[in-house]
Amino acid sequence: TRKESSAASDVYKRQTEGIENCECKRNYWMDTNTYTCVACAAGQSSPYGSTDISACTCDINYWDDGGTCTACPANSQSQVGIFPPRSFVSVVGTI
């Protein structure tokens with residue numbers, strides 16, 4: 001038991017020591033409580049090495065609808081990470 005406890009501690013140490021050198025790929029963010037990379041939600045992306053969910057922003061042609069990225073209406077577009085727009089830019093004009 002004492003030996004088992006020490007062995008378990010060594011395994012944990014090997015798994016977490018130096019973990020701060022690992023970075024998540026693009027479109028993921030590092031949950032520093034569990035040291036796992038978590039995918040951004042649909043319609044979102046994040047830069048390489050993100051360490052917080054707030055790094056996930058809405059993709060082009062999506063807008064932030066109160067924390068959820070929603071696709072823009074047909075024939076309209078948005079910029080990356082745009083907050084709720086007052087109007088959408090349409091191919092034919094503002095709607």
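Details of the structure are given in the entry above.
Not measured: the values here are computed from a predicted model.

Caption draft 1: Looking closely at the overall build of the protein chain. Summing up its helical and strand segments, the protein chain has one helix and eight strands in all. Going residue by residue from the N terminus, the α and β elements of the protein chain occur as α-β-β-β-β-β-β-β-β. Among the 95 residues that make up the protein chain, the fraction classed as buried is 22%. At a minimum sequence separation of 6, the contacts of the protein chain that also span at least 24 residues come to 10%.

Caption draft 2: Fine view of unusual backbone geometry. With a phi angle near 75°, Asn27 is a residue other than glycine that sits in the positive phi range. Looking at the element boundaries, Asn27 is found in the loop between α1 (2-16) and β1 (28-31).

Caption draft 3: Layout of the environment of Pro47. Relative to the helices and strands, Pro47 is located in the loop between β3 (44-45) and β4 (57-58). Residues Pro47 and Cys24 lie 23 residues apart in sequence; the distance between their C-alpha atoms is 8.9 Å. With residues up to four places along the chain from it excluded, the contact list for Pro47 reads Lys25, Arg26, Tyr28 and Ala55.

Caption draft 4: The arrangement of the state of the cysteines in detail. If you walk through the whole model with that rule in mind, you get three disulfides. The disulfide partner of Cys24 is Cys37, and the S-S distance across this bridge is 2.1 Å. Since a negative S-S torsion denotes a left-handed disulfide, the Cys24-Cys37 link at about -95° is left-handed. Residue Cys24 is found in the loop between α1 and β1, and its partner Cys37 is found in strand β2 (residues 36-39); the two are separated by 13 residues along the sequence. By relative accessible area, which is 1% here, Cys24 ends up buried. Judged by relative accessible area, Cys37 falls into the partly exposed class, the value being 40%. Note that Cys40 is cross-linked by a disulfide to Cys56, the S-S spacing being 2.0 Å.

Caption draft 5: How the structure looks around the side chain of Ser45. Within the secondary structure layout, Ser45 lies in strand β3. Classification of Ser45 as buried rests on a relative accessible area of 12%. Within the local environment of Ser45, its side chain forms a polar contact with the side chain of Asp59, the two groups lying 2.8 Å apart. In this view, Ser45 contacts Arg26, Asn27, Cys40, Ala55, Cys56, Thr57 and Asp59; residues no more than four positions away in its chain are not counted.

The rules behind the values
- Residues numbered from 1 in each chain as written.
- Predicted model: local features only at pLDDT ≥ 70, side-chain atom pairs only at ≥ 80, totals over all residues.
- Heavy atoms only, no water.
- Helix = DSSP H or I, 4+ residues; strand = E, 2+ residues; numbered from the N terminus.
- Buried < 20%, exposed > 50% of the residue type's maximum accessible area, 1.4 Å probe, protein only.
- Contact = heavy atoms within 4.5 Å.
- Disulfide = S-S within 2.5 Å.
- Polar contact = N/O pair within 3.5 Å; in protein donor to acceptor, adjacent residues only side chain to side chain.

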